[in-house]
Amino acid sequence: MIRHLPFAIVTIFFVVMNYKLYQKDFKQTDTIGTPIPLEMVWNRMLRSPDESFLYMFQDKRRRGSLRWSAEAVEYDIEDEREKEYLAEGMVRNPANYIVEIRSGHLLLGQGHGTVNFDMSANFSTNNQWHTFELGLHQKPIRLQFVANSTNETLRVSWLNDDHRTEHNFTFDELKDPSMVATRLIGPLPLAQFAGGLLAGFGSGDNPHFNAMQLMKSGIKVEAFDDRLKIGHTSLRCYRVSVTLPDQRVANIYVSRIGEILRITLPDKIEIRNARLLLL
């Protein structure tokens, strides 16, 4: 009897541990909808090993695509002894993170053409942003926004054929949306661009879009544990819920390793990861 006691103890130990793992990894239905820290999800997205290639749909019609990626930028390490302890490919000493949207294009409403876009944002390791750049291109106009948190300035420039125009704003001036809109929309080339862009969003397919309302009102952002149904299965994920000023909700589904899986927006707009379209 005593000879079999160690075997019995080990068996009981593994049974208990496997039951605990089952509770943690498979019986997650009790945690669905449980609030989690938003910062945790954002940090997973910043450290995601893969970029996300996303397709945009409206009412099941493809309207565009984009590539999302995040990259850690390291400090230079001069101490050779410290380098010896670091594994190949590790982010040794992250200084900041760069989030990028590349190769983006969006088909606007009928008669409004296509807008190409790209974005780049630089964040410190404590999630404070430093620079933000957004570029929009709709022939023959190129429009660019460059914001800098250190100088607290926003530069808006556009190029129409060979003619370049530029406006600079302080963050204090941005608190008055009507003044900003007057200065930006006034010049004819930009008015044509903005008219086409806003008309495309505010068309009959999307009558609720109101740019001024979004500028004046705040939004509410929360994160939850959730599952995303894919075909006949469901995938454990995080869900970031964004409540818009008009109380409509947008949801961002993020994998456990930080990859964007799906984004659902009002007016039957969805952004889906290309990998999931094959399932």
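Residues numbered from 1 in each chain as written. Predicted model: local features only at pLDDT ≥ 70, side-chain atom pairs only at ≥ 80, totals over all residues. Heavy atoms only, no water.

### Describing the pairing of strand S12 (residues 249–254)
Consideration 1: Inspection of the sheet shows strand S11 (residues 233–243) paired to S12 by six bridges, in the antiparallel sense. Looking at the pairing, Val240 lines up with Ile252 of S12.
Consideration 2: In this structure, the hairpin formed by S11 and S12 is closed by a connection of five residues, where Gln247 is found at a positive phi of approximately 75°.
Consideration 3: Examined bridge by bridge, S12 and strand S13 (residues 260–265) share four bridges and lie antiparallel to one another. Within S13, the residue paired with Ile252 across the bridge is Ile263.
Consideration 4: Hairpin remark: S12 followed by S13, antiparallel, with five residues in the connecting loop; positive phi at Gly258, about 95°. (Pairing = 2+ DSSP bridges. Helix = DSSP H or I, 4+ residues; strand = E, 2+ residues; numbered from the N terminus.)

### Focus on the nonpolar core
Consideration 1: Counting residues in hydrophobic clusters, the biggest one holds 38 residues, and the most contacted among them are Val41, Leu66, Trp68, Val99, Phe117 and Val156.
Consideration 2: Top element by residues in this core is strand S5 (residues 114–124). It accounts for five residues.
Consideration 3: Discounting chain neighbours no more than four positions away, the residues touching Leu66 are Ser52, Phe53, Leu54, Met56, Ile101, Arg102, Ser103, Gly104 and Phe117.
Consideration 4: By size, the runner-up hydrophobic cluster in this structure holds six residues, among which are Leu228, Ile230, Cys237 and Tyr253. (Core = buried A, V, L, I, M, F, W, Y, C linked by side-chain atoms within 4.5 Å. Buried < 20%, exposed > 50% of the residue type's maximum accessible area, 1.4 Å probe, protein only. Contact = heavy atoms within 4.5 Å.)

### Re the confidence of the model for the protein chain
Consideration 1: Summary statistics for the protein chain give a mean pLDDT of 75 and a share of 68% for residues scoring 70 or more.
Consideration 2: Segment residues 79–91 is flagged for pLDDT under 50; beyond a separation of four residues in sequence, or across chains, it makes eight contacts in the model.
Consideration 3: Overall, residues 198–215 carries pLDDT values under 50, and its contacts beyond four positions in sequence, including any with other chains, amount to 26 contacts. (pLDDT = per-residue confidence, 0-100.)

### Looking at a nonpolar patch on the surface
Consideration 1: On the surface, Leu38, Ile219 and Val221 cluster together into a nonpolar patch covering about 230 Å² of accessible area.
Consideration 2: Mapped onto the elements of the fold, Leu38 is located in helix H2 (residues 38–46). (Patch = residues over 30% accessible without salt bridge, like charges linked within 9 Å, V, L, I, M, F, W, Y side chains within 5 Å. Areas by Shrake-Rupley, 256 points an atom, 1.4 Å probe, with all protein chains shown as cover. Salt bridge = Lys/Arg side-chain N within 4 Å of Asp/Glu carboxyl O.)

### A word on the side chain of Gln58
Consideration 1: As for its placement among the helices and strands, Gln58 is situated in strand S2 (residues 52–58).
Consideration 2: Side-chain polar atoms of Gln58 contact the side chain of Arg63, separated by 2.2 Å. (Polar contact = N/O pair within 3.5 Å; in protein donor to acceptor, adjacent residues only side chain to side chain.)

### Remarks on unusual backbone geometry
Consideration 1: Residues Lys139 and Pro140 are joined by a peptide bond in cis, for which omega reads 5°.
Consideration 2: With respect to the helices, strands and loops of the structure, Pro140 is situated in the loop between strand S6 (129–138) and strand S7 (141–148).
Consideration 3: The residue Lys60 is not glycine, and still its phi comes out positive at about 70°.
Consideration 4: Relative to the helices and strands, Lys60 resides in the loop between S2 and strand S3 (61–74).
Consideration 5: Non-glycine residue Glu152 carries a positive phi angle of around 55°.
Consideration 6: As for its position among the elements, Glu152 is in the loop between S7 and strand S8 (153–160).
Consideration 7: Among the residues examined, Glu152 registers a relative accessible area of 47% and is labelled partly exposed.

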